[in-house]
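# Architecture at a glance
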Amino acid sequence: MDSPGALERFAPRLHPAIVADVRTWSDDPELGKLHASLDAHPSFKSFLDTYAEAVVARHLRARGCGLAFEVPTPSGRACDFEVTVDGQQCYLHVKRADTEPPRGRRLTISSRLRYLERIERPYVVSVRWHEGVTDTQMQRLVRSAREFITHAHVGDELVVHDDDGREIGGVLIVAPWEGPHVSLAIGLPTGFIDEVQRMRKLLRRAHRQFMPRAVNVILVCSSNEADGEDFEDALLGSHVERWDAFPPRGRRIAHGRASDGLWHGHRYADSRVAGWFRLVPEEDGLGVRLLFREESPVEPEFRTLLERMF
């Protein structure tokens, strides 16, 4: 008796409508090879890498797109998909960042942290603390954070210690934002999680699979809503304060992007479109946040086509 394939084994952890559609692909001339690849994975982690491709393929198939899976490039690599729609073609590269937080963790948030949201500074501020901190320690963290935030700049970090030298927690000025007061981002007790480097590595890996002289689209997915900001930082560059630029009206400091982004200057000039979406295996639907490069934009009609596709 043959052992069940990965799709059968992992079906209880997936959305039933997606599983039902993918099961029909076994003899599909376009997606049969994707079905076989998906079904052969030994672990759920590796399965999800290909499952992300299946979710994208299902989304595009529903919108009338023709698909070819694993199309070879002249360099000997392969694009994940060749997509044909309305007589136009583009090449799609899907990557998954494994950013899922540890299961079974419950984060108790102290009401004392809400005091920090009253501070009149236009920043996103991430706060973390160690599990099991006392109310007295949390008060110390908030007092130190308040003083720090009033004079800190984007990228600055503070670590707060108790009288005996043990670390209580930390504060990180993540990015500017439009509001007049601090916007809090609550981090896991283990520390600030920066997925930018991982996202940047995935973007570079996708670029190596580009089809020459064609429109190539990179799609990166991950499981956490906050990862979308890390994706933008990897693509556009980290947030920095620009003392050489004119600040917006009513602000004393101008903000910009650092040179560490994939799209900085003329770097990776043939990469002009990229997007991020949240992949939750047990949920249906695909919401892609598309970014288009300003320095070398795709043709307006192709941009409209991509926006309609996603």
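Described in the following lines is the structure provided in the data block.

What follows covers the pattern of salt bridges. Side chains that differ in charge, positive against negative, can pair when their charged atoms come close. For the coordinates displayed, the defined rule picks out 18 salt bridges. Between Asp 49 and Arg 96 there is a salt bridge, with its nearest N and O atoms 2.8 Å apart. One end of the pair, Asp 49, is in helix α4 (residues 44–62); the other, Arg 96, is in strand β3 (residues 88–96), and 47 residues separate them in sequence. For Arg 96, a relative accessible area of 15% puts it in the buried group. In this structure, the salt-bridge partner of Arg 112 is Asp 135, at a minimum N-O distance of 2.7 Å. You can see Arg 112 sitting in the loop between β3 and β4 (123–129) and its partner Asp 135 sitting in helix α5 (residues 135–149), a full 23 residues away along the chain. Residue Asp 135 is classed as partly exposed on the basis of its relative accessible area, which comes to 40%.

With that out of the way, let us pick up the packing of helix α6 (residues 196–207) against helix α7 (residues 227–236). Two numbers describe how α6 lies on α7: the axes approach to 8 Å, and their chain directions differ by 60 degrees. The angle between α6 and α7 falls in the class oblique. The hand of the α6/α7 crossing is right-handed. Between α6 and α7, the residues in contact are Val 196, Met 199, Arg 200 and Leu 203 and Asp 227, Asp 230, Phe 231, Asp 233, Ala 234 and Leu 235, respectively. Taken together, the residues of the contact of α6 with α7 break down into six nonpolar, no polar and four charged.

Moving on to the nonpolar core. By size, the foremost hydrophobic cluster in this structure holds 48 residues, and its most contacted members are Phe 47, Leu 92, Leu 219 and Met 309. The leading source of residues in this core is α4, at ten residues. When near neighbours in sequence (up to four residues on either side) are disregarded, Phe 47 contacts Ala 6, Leu 7, Phe 10, Leu 14, Leu 38 and His 41. Leu 116, Tyr 123, Met 138 and Val 171 belong to the second largest nonpolar core, which has 21 residues in total.

Attention now goes to the environment of Asp 162. You can see Asp 162 is positioned in the loop between β5 (157–161) and β6 (167–176). Judged by its relative accessible area of 19%, Asp 162 is buried. Sequence-wise, Asp 162 and Gln 137 are 25 residues apart; in three dimensions their C-alpha atoms are separated by 7.1 Å. Non-local contacts of Asp 162, meaning those with residues more than four positions away in its chain, are made with Gln 137, Arg 140 and Ile 168. In terms of polar contacts, Asp 162 uses its side chain to reach the side chain of Gln 137, at 2.8 Å.

This next bit is on the pairing of strand β11 (residues 273–278). Burial analysis of β11 places five of its six residues in the buried class, the great majority of the element. Two strands pair when backbone bridges link them, and strand β8 (residues 216–222) and β11 are joined in this way by six bridges, in the parallel orientation. When the bridges of β11 are listed, Val 220 appears paired with Trp 276. As paired elements, β11 and strand β12 (residues 288–292) share five bridges and run antiparallel to each other. Within β12, the position partnered with Ala 274 by the bridge is Leu 291.

Listing the buried residues of helix α2 (residues 16–23) in full gives Ile 18, Val 19 and Val 22. All buried residues of α2 project into a common sector of 100 degrees when viewed along the axis, lining one side. In this structure, the buried residues of α2 make contact with α1 (6–10), α3 (32–39) and α4.

Conventions used here
- Residues numbered from 1 in each chain as written.
- Predicted model: local features only at pLDDT ≥ 70, side-chain atom pairs only at ≥ 80, totals over all residues.
- Heavy atoms only, no water.
- Salt bridge = Lys/Arg side-chain N within 4 Å of Asp/Glu carboxyl O.
- Helix = DSSP H or I, 4+ residues; strand = E, 2+ residues; numbered from the N terminus.
- Buried < 20%, exposed > 50% of the residue type's maximum accessible area, 1.4 Å probe, protein only.
- Axes fitted to C-alpha atoms, helices over the stretch in contact; angles between N-to-C directions.
- Parallel < 35°, antiparallel > 145°, perpendicular 65-115°, else oblique.
- Left-handed = near helix turned anticlockwise from the far one by under 90°.
- Contact = heavy atoms within 4.5 Å.
- Nonpolar A, V, L, I, M, F, W, Y, C, P; charged D, E, K, R; others polar.
- Core = buried A, V, L, I, M, F, W, Y, C linked by side-chain atoms within 4.5 Å.
- Polar contact = N/O pair within 3.5 Å; in protein donor to acceptor, adjacent residues only side chain to side chain.
- Pairing = 2+ DSSP bridges.
- Arc of directions from axis to C-beta.

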